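# Reading the structure
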Amino acid sequence: MRLVFLGVSVLIFIYSCTSAPKTEEYTPPVASDLSGKELATLHCGSCHMFPEPASLPRNVWVNRVLPNMGLRLGHGDYMIEMMKYSQEEMLAIMESGVYREKPIIAKEDWDKIVAFYSENSPEELTDVPAEKKNELLSFDSNVLPIEASEVVMTIFEPTKKQFKVSTSNPSMLYTLDNKGKKIDSANSSSPITDFKIDSKIGSIVLESGILNPSDLAKGKLVISGKAKVEGLHRPVSLLRSDLNNDLIQDFVICNFGNNAGDLMWVDGKNLEKYVLAKQPGARIAYEVDFNKDNKKDLLVLFSQGKESIVLFENKGDHRFEPKTILEFPSFFGSTFFELKDIDQDGDLDIIYTNGDNADLSIIKKPFHGLRIYENDGKNQFSEKYFYRINGASKVITDDFDLDGDLDFAVISVFPIEVNEGFLFFENTGKYQYKVSSKKNVSDQKWLTMDVADFDNDGDKDIILGAFTRNENTNKPSVLILKNNLK
């Protein structure tokens, strides 16, 4: 299964670093005297964190990951891979330069890399037993009147106090009141991945174009019913921020893409586009001011091979300087993060999930889950908490029980253990949590989640959307978890 937010986590080991002009003169590579580990460090570690052989089973390396990596280094018949695509997409992939027509390393060196991973990887990964969970009693579930196997957006729009729910196959946008009663439904030209209301310009809709991983730039930004920005690579999230201080809100768009993608911002005044990072996997962006210079910086999560959280420091005059804050292995499957002051020391910490389990390595991964990275006050982050969750897809942090500290709601779209599709983490002390699941909720595959005080009673409620493509299930597609604290 290949989803809008969940892409080729271990597939793209090398993309931008291996792209080269097609007109350059080709010189056949000469075999080196380097070892397999040295070659892997050089060629794999040059673009992203070096992947340790022990991180994946031998059969995944040898039969799935390495053959695909080989295509990016010019070894293997990439046209066999290309035959999976339409002619239009085939041309787009070839234009991206991801696959090499001729080798960029000698065959002898490539064989050493393959041998290094084959000889040093385990037959299977060591399993981590699931922890015992409590039954969540503080929320009551309410199924909403939407039947769909592919929910790709569930958002509570606060200005109108309405839910917006987007589905694919078919592409529909539903509007419901704050009690979950359906008000309207309308077809959309493609699945909608983000939605906002602006009092000045009206509705702002982000359309993915193509839901499944694709290199065709069919996505668009639609404002008040009119396409204003087109040619986007599978956009998945939108941030409004006045980046150039002209008192007009701009648009920061995460174009997740597949082999090609980017992070861009669009000037709210003239709709001029500025690309901040030309790489796939941009997932979510936040406005921050890390250096306290009164300029709006961006903190962005990238998945899709070069997995990292990157600070784009605003230098003015439309210039942003990137700095990697956290870096993850290329197979980690980053899915989401939030910025909150978990330890209440006055700075922002990072709450992060990884759980993309699609494509080349659909196996149980003991390193998937929820993590907290503590800020030392100087914007240096270190891991302080980990809880294993297979397929973790999103976390939302809030004081759900109104006791003055921050709790977590976490969902998974690739759950493996019983009752881990939805988990609630009640804060019981510094990096101590009581973890609960909920009957008839935690056994579902949830892709989307939003949190707000839907019923205006003073506590936070939760809405969930499921993605169960090609599965026969009578489970709900969309439901509200009503906080019964009040």
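Criteria and cut-off values
Residues numbered from 1 in each chain as written. Predicted model: local features only at pLDDT ≥ 70, side-chain atom pairs only at ≥ 80, totals over all residues. Heavy atoms only, no water. Helix = DSSP H or I, 4+ residues; strand = E, 2+ residues; numbered from the N terminus. Rg over C-alpha atoms; globule rule 2.2 N^0.38 Å. Buried < 20%, exposed > 50% of the residue type's maximum accessible area, 1.4 Å probe, protein only. Contact = heavy atoms within 4.5 Å. Areas by Shrake-Rupley, 256 points an atom, 1.4 Å probe, with all protein chains shown as cover. Pairing = 2+ DSSP bridges. Expected span 1.5 Å × (residues − 1). Arc of directions from axis to C-beta. Axes fitted to C-alpha atoms, helices over the stretch in contact; angles between N-to-C directions. Parallel < 35°, antiparallel > 145°, perpendicular 65-115°, else oblique. Left-handed = near helix turned anticlockwise from the far one by under 90°.

### With respect to the overall build of the protein
The number of helices and strands found in the protein is 5 helices and 29 strands. Expected size for 486 residues packed as a compact globule is a radius of gyration near 23 Å; at 22 Å, the protein falls within 12% of this value. Along the first, second and third principal axes, the C-alpha set of the protein runs to 70 × 55 × 50 Å. Counting the 486 residues in the protein, one finds 57% classified as buried. When contacts within the protein are restricted to residue pairs at least 6 apart in sequence, long-range pairs at least 24 apart make up 53% of them. Total accessible area on the protein stands at roughly 20,400 Å², and carbon and sulfur atoms take up 48% of it.

### Quick notes on the pairing of strand β11 (residues 235-241)
Across the 7 residues of β11, 7 count as buried, placing the element largely inside the fold. Summarising the sheet, β11 and strand β12 (residues 250-255) pair through 6 bridges and their orientation is antiparallel. Bridge assignment links arginine 240 to a residue of β12, and that residue is phenylalanine 251.

### What about helix α5 (residues 107-120)?
The end-to-end C-alpha distance of α5 is 20 Å, a good match for the 20 Å that 14 residues give at a rise of 1.5 Å each. Along α5, the positions that sit buried rather than exposed are Asp109, Trp110, Ile113, Phe116 and Tyr117. Considered in projection along α5, the buried side chains sweep an arc of 115° and stay on one side of the axis. Where α5 is buried, its residues meet α1 (36-44) and α2 (58-72).

### Brief notes about the packing of α2 against α5
The interhelical angle for the contact between α2 and α5, taken along N-to-C directions, is 155°, at an axis separation of 9 Å. Compared by their axis directions, α2 and α5 come out roughly antiparallel. Judged by the twist between their axes, the crossing of α2 over α5 is right-handed. Residues Arg58, Trp61, Val62, Leu66, Met69 and Gly70 of α2 form the contact with α5, whose participating residues are Trp110, Ile113, Val114, Tyr117 and Ser118.

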